Amino acid sequence: MVTLHMPILSLILAAAAVSPDRPTSTITFSRAVANVEYTTDRLSPRPPGSVRRVPETSPEASNETWYGWIGRRLPEDVEAQKTDHFVPFAVQYAGGAAARAWCDTNFNGDLTDDPPLKLFGYPGADGTRSFLADLRWWSRLDGRDAPVERTLRVVLEPQTPA
């Protein structure tokens, strides 16, 4: 079994781009989970600028819907510091804990056409929930298109009273 970390991803993509005219070897990989903290950020009461439509929430919950984003890019995808490849998500809180979540996994800026995500508990942190975002897209590597798949866990801490 091989555990892959994100910096090795470009090597895998390079291997996938090998010309069929060259001799090749078969390497078998198996899926593995690596919990790597990618980023920590605050949620906002306003959706990111790339969001065109937000999920409907009940009037009493409208002030408890928060928004964030997931970085989706490889070094060759976009210039450093640009956020046009980021994936927005929305979280509705109830009683201080995340109760519903949506993520724009089809990258069209519309959170209403993505089904609500399953929320999971998070070990060792009372009231903390998480969801998994399955992201798939094409990237360029050495002038060739290569598929990229990432499943990222987003951890949602409970709200704290103001």
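Source: prediction; values computed, not measured.

What counts, and where the lines are drawn
Residues numbered from 1 in each chain as written. Predicted model: local features only at pLDDT ≥ 70, side-chain atom pairs only at ≥ 80, totals over all residues. Heavy atoms only, no water. Core = buried A, V, L, I, M, F, W, Y, C linked by side-chain atoms within 4.5 Å. Buried < 20%, exposed > 50% of the residue type's maximum accessible area, 1.4 Å probe, protein only. Helix = DSSP H or I, 4+ residues; strand = E, 2+ residues; numbered from the N terminus. Contact = heavy atoms within 4.5 Å. Pairing = 2+ DSSP bridges.

A.B. asks: How do you make sense of the nonpolar core when you look at a structure like this?
C.D. replies: Side chains of nonpolar character tend, in soluble globular proteins, to be buried together. Core analysis: the biggest nonpolar cluster contains 16 residues, and Ile70, Phe89, Val91, Cys103, Phe131, Leu135 and Leu156 have the highest contact counts within it. Those elements giving two or more residues to this core turn out to be strand E2 (87–94), strand E3 (97–103), strand E5 (129–141) and strand E6 (144–156). Not counting residues within four places of it along the chain, the set of residues in contact with cysteine 103 comprises Ile70, Val87, Pro88, Phe89, Leu111, Asp114, Leu117, Phe131 and Ala133. Ranked by size, the runner-up nonpolar core spans five residues in total, among them Val51, Tyr67, Ala90 and Trp102.

A.B. asks: Even after reading the chapter, I still don't get the sheet that holds E5, so can you show me in this structure?
C.D. replies: Sheet strands pair via backbone hydrogen bonds, and the direction of the pair is either parallel or antiparallel. Strand order across the open sheet formed by three strands is E4-E5-E6, with antiparallel pairing between neighbours. Of all strands in the sheet, those with a lone pairing partner are strand E4 (120–121) and E6, marking the two edges. Strand direction decides the pairing type here: E4 and E5, joined by two bridges, are antiparallel. Counted as the bridge partner of glycine 121 is arginine 129 from E5.

A.B. asks: How should I be thinking about the environment of tryptophan 138 in this particular structure?
C.D. replies: Tracing the backbone shows tryptophan 138 in strand E5. A C-alpha to C-alpha distance of 8.7 Å links tryptophan 138 and glutamate 149, two positions eleven residues apart in sequence. Setting aside residues no more than four positions away along its own chain, tryptophan 138 makes contact with Asp145, Ala146 and Pro147.

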